[in-house]
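Okay, here's what each chain looks like letter by letter:
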Amino acid sequence: MSDPDFLFSQFSMGSVMARLPRYVIPGQPQHIIQRGNNRQTIFAADRDYRFFTKAMVEAAAKFGLAIHAYVWMTNHFHLLATPESEHSISKTLQSVGRRYVGYFNYMYQRSGTLWEGRYRATVVESKRYLLTLMRYIEMNPIRAGMAAAPGEYKWSSHGRNALGRNGPNADWLTPHREYYRLGRDDADRQAAYQALFAADLDKDDLQKIRDSTHKGWALGDGRFQEEVEALGQRRAAAKKAGRPQRNKSFRL
């Protein structure tokens, strides 16, 4: 039997052993990326996107991960999400990964891993970079030539954030407070959010997002990075000569 709803019930979440990520600050958003092994396809049909979405929604609710933006691409996915606890991200992705790999291998008569190692995650400075990162995530299909406009792509959060669309692909999202600050009501916020997409991403911001993602650095200004280092006890930015003393008061 190949009905996705039936298969979903067969690959239950089960128990998940926690594996600590590099650093997590509860209450602070993170940009999360997971790729297919050797960049292979991880979504081959609409039923795959639906199964993966359902698994993500259930796991995020169970383990306390508030998702603000997402995009499911053919061979990888992006999340912008705030963890409730230090284990929220790892437990959510472990649960989704195990469930989805079981489903995918069954559907396509394959075996072995689907993912390219561990997921990548970087903590994000909310006021400076959160909305920029939402744009970066939702513009992925346009940069990949898969859509002419972000609203045309079905498997992303843009329909909800910019256009107010609800449904199985959007009504489970949790707006971040920086999104709420865009306007007094939903219509104002959606209009302001749409306006952000009128211009291309700043090249420096784009490079900083990519560097932070690939190297595991905190995405924010120098002070923010210092504060993340002080809390996480690990380097969160490129080394600089004469770095200022760490400040342990953290800004959300």
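Fair warning: this is a prediction, and the values are worked out from it, not measured in the lab. (Residues numbered from 1 in each chain as written. Predicted model: local features only at pLDDT ≥ 70, side-chain atom pairs only at ≥ 80, totals over all residues. Heavy atoms only, no water.)

Engineer: Would you mind showing me how to read the pattern of salt bridges here?
Structural biologist: Proximity of charged atoms lets side chains of opposite charge pair with each other. Counted under the stated rule, the structure contains 6 salt bridges. Notably, a salt bridge pairs aspartate 46 with lysine 154, separated by 3.8 Å at the nearest N-O pair. On the criterion of sequence distance, the pair formed by aspartate 46 in helix H2 (residues 46–63) and lysine 154 in the loop between helix H5 (140–143) and helix H6 (158–163) is long-range, its members being 108 residues apart. Exposure remark for lysine 154: the relative accessible area of 46% places this residue in the partly exposed category. The partner of glutamate 178 in a salt bridge is arginine 181, and the shortest N-O contact between them spans 2.3 Å. According to the relative accessible area criterion, glutamate 178 is buried, its value standing at 9%. Take arginine 181: its relative accessible area is 53%, and that puts it in the exposed class. (Salt bridge = Lys/Arg side-chain N within 4 Å of Asp/Glu carboxyl O. Helix = DSSP H or I, 4+ residues; strand = E, 2+ residues; numbered from the N terminus. Buried < 20%, exposed > 50% of the residue type's maximum accessible area, 1.4 Å probe, protein only.)

Engineer: I tried to follow the nonpolar core on my own but got confused; where do I start?
Structural biologist: One recurring pattern in soluble globular proteins is that nonpolar side chains are buried together. Formed by 57 residues in total, the largest nonpolar core has its most connected members in Phe52, Met56, Ile67, Trp72, Phe77, Leu79 and Tyr100. For this core, the elements supplying multiple residues, two or more each, are H2, strand E2 (65–72), strand E3 (76–83), helix H3 (88–107), helix H4 (126–138) and helix H9 (203–215). In contact with tyrosine 100, other than residues within four places in its own chain, are Ile42, Phe43, Asp48, Phe51, Phe52, Leu114 and Trp115. The next biggest cluster of nonpolar side chains, apart from the first, holds 6 residues, and it includes Tyr23, Val123, Ala218 and Phe224. (Core = buried A, V, L, I, M, F, W, Y, C linked by side-chain atoms within 4.5 Å. Contact = heavy atoms within 4.5 Å.)

Engineer: Even after reading the chapter, I still don't get the pairing of strand E1 (residues 30–35), so can you show me in this structure?
Structural biologist: Remark: a regular strand shows side chains that alternate across the two faces of the sheet. The element E1 is largely enclosed, with a buried count of 6 among its 6 residues. Residue alternation in E1 divides its side chains into two sets, Gln30, Ile32 and Gln34 and His31, Ile33 and Arg35, and both sets are buried. Note that E1 and E3 share 6 bridges and pair antiparallel. In the strand pairing of E3, glutamine 34 is matched with phenylalanine 77. Two elements, E1 and strand E4 (residues 120–123), share 4 bridges in a ladder whose sense is antiparallel. When the sheet's bridge partners are listed, histidine 31 is paired in E4 with threonine 122. (Pairing = 2+ DSSP bridges.)

Engineer: I tried to follow the side chain of serine 212 on my own but got confused; where do I start?
Structural biologist: Residue position: serine 212 is located in helix H9. With near-sequence residues (within four places) excluded, serine 212 lies in contact with Thr122, Trp217, Ala218 and Leu219.

Engineer: Whenever I open this one, the environment of isoleucine 142 confuses me. Can you help?
Structural biologist: With respect to the helices and strands, isoleucine 142 occurs in helix H5. The sequence separation of isoleucine 142 and tyrosine 153 amounts to 11 residues, and the corresponding C-alpha distance is 8.7 Å. Residues in contact with isoleucine 142, not counting those within four places in the same chain, are Ala147, Ala148, Ala149 and Pro150.

Engineer: Can you walk me through the sheet that holds E3 in this structure?
Structural biologist: The strands making up a sheet are joined through hydrogen bonds of the backbone, oriented either antiparallel or parallel. An order of E2-E3-E1-E4 is seen for the 4 strands of this open sheet, with the pairing classed as antiparallel. The open sheet has two free edges, formed respectively by E2 and E4, since each of these has just one partner strand. Taking each pair of neighbouring strands and ignoring which way they run, the sheet shows an average axis angle of 20 degrees. Its contacts with the sheet put H2 on E2 and E3, and the angle it makes with E2 is roughly 165 degrees. (Axes fitted to C-alpha atoms, helices over the stretch in contact; angles between N-to-C directions.)

Engineer: I tried to follow the confidence of the model for the protein chain on my own but got confused; where do I start?
Structural biologist: Parts of the model with low pLDDT should not have their predicted coordinates read in detail. Chain-level statistics for the protein chain give a pLDDT mean of 85 and a share of 82% at 70 or above. The model gives residues 13–21 a pLDDT under 50, and that stretch makes 28 contacts with residues more than four places away or in other chains. (pLDDT = per-residue confidence, 0-100.)

Engineer: Help me understand the pairing of E2 in this model?
Structural biologist: Counting buried residues in E2 gives 7 out of 8 residues, a clear majority hidden from the surface. Connecting the antiparallel pair E2 and E3 is a turn made up of 3 residues.

Engineer: I tried to follow the packing of aromatic side chains on my own but got confused; where do I start?
Structural biologist: Given two aromatic rings, one states the distance between the centres and the angle between the planes to describe the pair. Counted under the stated rule, the structure contains 19 aromatic pairs. Ring centres 4.9 Å apart and planes at 10 degrees place the aromatic pair tyrosine 49 and tryptophan 155 in the stacked group. Residue tyrosine 49 is located in helix H2, and its partner tryptophan 155 is located in the loop between H5 and H6; the two are separated by 106 residues in the primary sequence. This pair shows no difference in class: tyrosine 49 is buried, exactly as tryptophan 155 is. Plain terms: the ring middles of tyrosine 70 and tryptophan 72 are 4.4 Å apart, the flat faces sit at 40 degrees to each other, and that makes the pair tilted. Judged by its relative accessible area of 0%, tyrosine 70 is buried. Positioned over the ring face of tyrosine 119 is arginine 118, at 5.7 Å from the centre of the ring. Seen from the ring of tyrosine 129, arginine 128 lies directly overhead, with NZ or CZ sitting 4.3 Å from the centre. (Phe/Tyr/Trp six-rings, centres within 6.5 Å; stacked < 30°, edge-to-face > 60°. Lys NZ or Arg CZ within 6 Å of the ring centre and 35° of its normal.)

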